[in-house]
Amino acid sequence: GEWKITLEDEDVNTALESRLTANIGEAGGRLHLGRSRNEQVLTALRLYLHDSTLDLVGRIEHLRV
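What counts and how
- Residues numbered from 1 in each chain as written.
- Predicted model: local features only at pLDDT ≥ 70, side-chain atom pairs only at ≥ 80, totals over all residues.
- Heavy atoms only, no water.
- Salt bridge = Lys/Arg side-chain N within 4 Å of Asp/Glu carboxyl O.
- Helix = DSSP H or I, 4+ residues; strand = E, 2+ residues; numbered from the N terminus.
- Buried < 20%, exposed > 50% of the residue type's maximum accessible area, 1.4 Å probe, protein only.
- Lys, Arg positive; Asp, Glu negative; His and termini not counted.
- Polar contact = N/O pair within 3.5 Å; in protein donor to acceptor, adjacent residues only side chain to side chain.
- Contact = heavy atoms within 4.5 Å.
- Patch = residues over 30% accessible without salt bridge, like charges linked within 9 Å, V, L, I, M, F, W, Y side chains within 5 Å.
- Areas by Shrake-Rupley, 256 points an atom, 1.4 Å probe, with all protein chains shown as cover.

Asker: If you had to explain the pattern of salt bridges to someone new, which residues and values would you point to?
Answerer: All chains considered together, the criterion is met by two salt bridges. Here arginine 59 ties to aspartate 55 by a salt bridge, and the two come within 2.9 Å at their closest N and O atoms. Here arginine 59 pairs with aspartate 55, and both are found in helix α2 (residues 37–64), just four residues apart, close to one helical turn. Its relative accessible area of 54% is what places arginine 59 among the exposed residues. What makes aspartate 55 partly exposed here is its relative accessible area of 41%. Close ionic contact of arginine 64 with glutamate 61 constitutes a salt bridge, the shortest N to O distance being 3.1 Å. Within this pair, arginine 64 and its partner glutamate 61 are both found in helix α2, separated by three residues, close to a single helical turn.

Structure below.
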């Protein structure tokens, strides 16, 4: 589904934590322990790029058929 960061979120890290907490409960608030904000942003970017790459590969495969 769609996910939008709102003005109520302090930053992308707060938004990620809120989203995780909404989806998996209290554990979502603890997942950031031991990780810097930069590491969290890089992880989110890698996950986004992974999903985007899979989508692109699927579209290319569809064109080849």
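Asker: Got a sec to walk through the side chain of aspartate 9? Specific residues and values, please.
Answerer: Topologically, aspartate 9 is positioned in the segment before α1 (12–24). One buried charge, aspartate 9, has no salt-bridge partner; the nearest side chain with opposite charge is arginine 19, at 10.0 Å. In terms of polar contacts, aspartate 9 uses its side chain to reach the backbone amide nitrogen of threonine 6, at 3.1 Å. Leaving out residues up to four positions away in the same chain, aspartate 9 has contacts with Ala15 and Ser18.

Asker: An account of a nonpolar patch on the surface is requested, with residue identities and associated values reported.
Answerer: A cluster of nonpolar side chains, namely Trp3, Ile5, Val12 and Val41, defines an oily patch on the protein surface of about 310 Å² accessible area. Mapped onto the elements of the fold, valine 12 is located in helix α1. Among the residues examined, valine 12 registers a relative accessible area of 33% and is labelled partly exposed.

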